[in-house]
Amino acid sequence: MILPFFKQKYPMSEDKNGYGLMDYGATWALVENMLLAATAEGLGSVVHIPVKKEPEKIRDFLKIPDGWYLPTLVIFGYASPNAEVPSQVKATVENNVHWNKW
C-alpha cells in the first residue's frame with residue numbers, strides 16, 4: 001500500500017488562481033502512473049479514497065503533521081488464481097459518441 005501525501009500549500013477552495021488544485025491533480029497523475037506500472041508488472045491495483053472519519057484516523061495513527069493531504073490510498077497485490085474478473089461493456093463509437101444529442 002502506498003499513501004501519496006502531498007504538502008498542501010494553498011487551500012483547495014481558493015477561487016483566485018486555482019493553485020490549490022495543482023498538487024492535487026499532480027498527485028492523481030502520479031497515482032495513474034503507478035497503476036499503469038503495476039499492471040505492466042502483472043500486479044493488481046486499486047485506489048481507495050478516504051471518507052468520513054478515515055482521513056482523521058489515518059492522520060492520527062501515522063502522526064501526520066498538519067498541512068499534509070492524502071487524496072487516496074493505493075493498494076497493490078497479486079490476484080487470486082481463481083478470482084472472478086468483471087467484464088466491461090465493449091467500447092464502440094455507437095455507445096460512446098453522441099451526435100447532436102446526449
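Residue numbering note: each chain is counted from 1, following its sequence as written. For a predicted model such as this one, the threshold for reporting local features is a pLDDT of at least 70, and the threshold for listing and counting side-chain atom pairs is 80 or more; totals across whole chains, interfaces and linings nevertheless cover every residue. Working from all heavy atoms in the structure, the side-chain values ignore hydrogens and water.

Draft legend 1. Representation of helix 1 (residues 22-40). Under the 1.5 Å per step criterion, the end-to-end length of helix 1 is 27 Å for 19 residues, consistent within 8% with the ideal 27 Å. Summary of the burial criterion: residues with accessible area below 20% of their type's maximum are buried, those above 50% are exposed, and those between are partly exposed, where the area comes from a 1.4 Å probe applied to protein chains only. Think of it this way: any DSSP run of H or I at least four residues long counts as a helix, any run of E at least two long counts as a strand, and we number them from the N terminus. When we look at burial in helix 1, the residues that qualify are Thr27, Val31, Met34 and Ala38. Taken around the axis of helix 1, the buried residues stretch over an arc of 60°, which confines them to a single face. In this structure, helix 1 carries Leu36, Thr39 and Ala40 as exposed residues pointing more than 90 degrees from its buried face. Looking one or two residues beyond helix 1, the residue adopting positive phi is Gly42, at roughly 85°. Expected span of a helix: the number of residues minus one, times 1.5 Å. Directions from the helix axis toward the C-beta atoms define the arc.

Draft legend 2. Just the packing of aromatic side chains, in detail. Any Phe, Tyr or Trp ring, taking Trp's six-membered ring, that has another such ring centre within 6.5 Å forms a pair; planes under 30 degrees apart are called stacked, those over 60 apart edge-to-face, and the others tilted. Using the criterion set out here, one finds 3 aromatic pairs in the structure. On the basis of an interplanar angle of 70° and a centroid distance of 6.5 Å, the ring pair of Tyr24 and Trp28 is categorised as edge-to-face. Of the two residues, Tyr24 and Trp28 are both situated in helix 1; the distance of 4 residues between them amounts to about one turn of the helix. Through pairs of rings, three or more aromatic residues link up here, namely Phe6, Tyr24, Trp28 and Tyr69.

Draft legend 3. Structural detail: the side chain of Thr27. For Thr27, the location among the structural elements is in helix 1. For Thr27, a relative accessible area of 7% translates into the label buried. What Thr27 contacts, discounting residues up to four positions off in sequence, is Pro4, Phe6 and Pro71. Contacts: residue pairs with any heavy atoms within 4.5 Å of one another.

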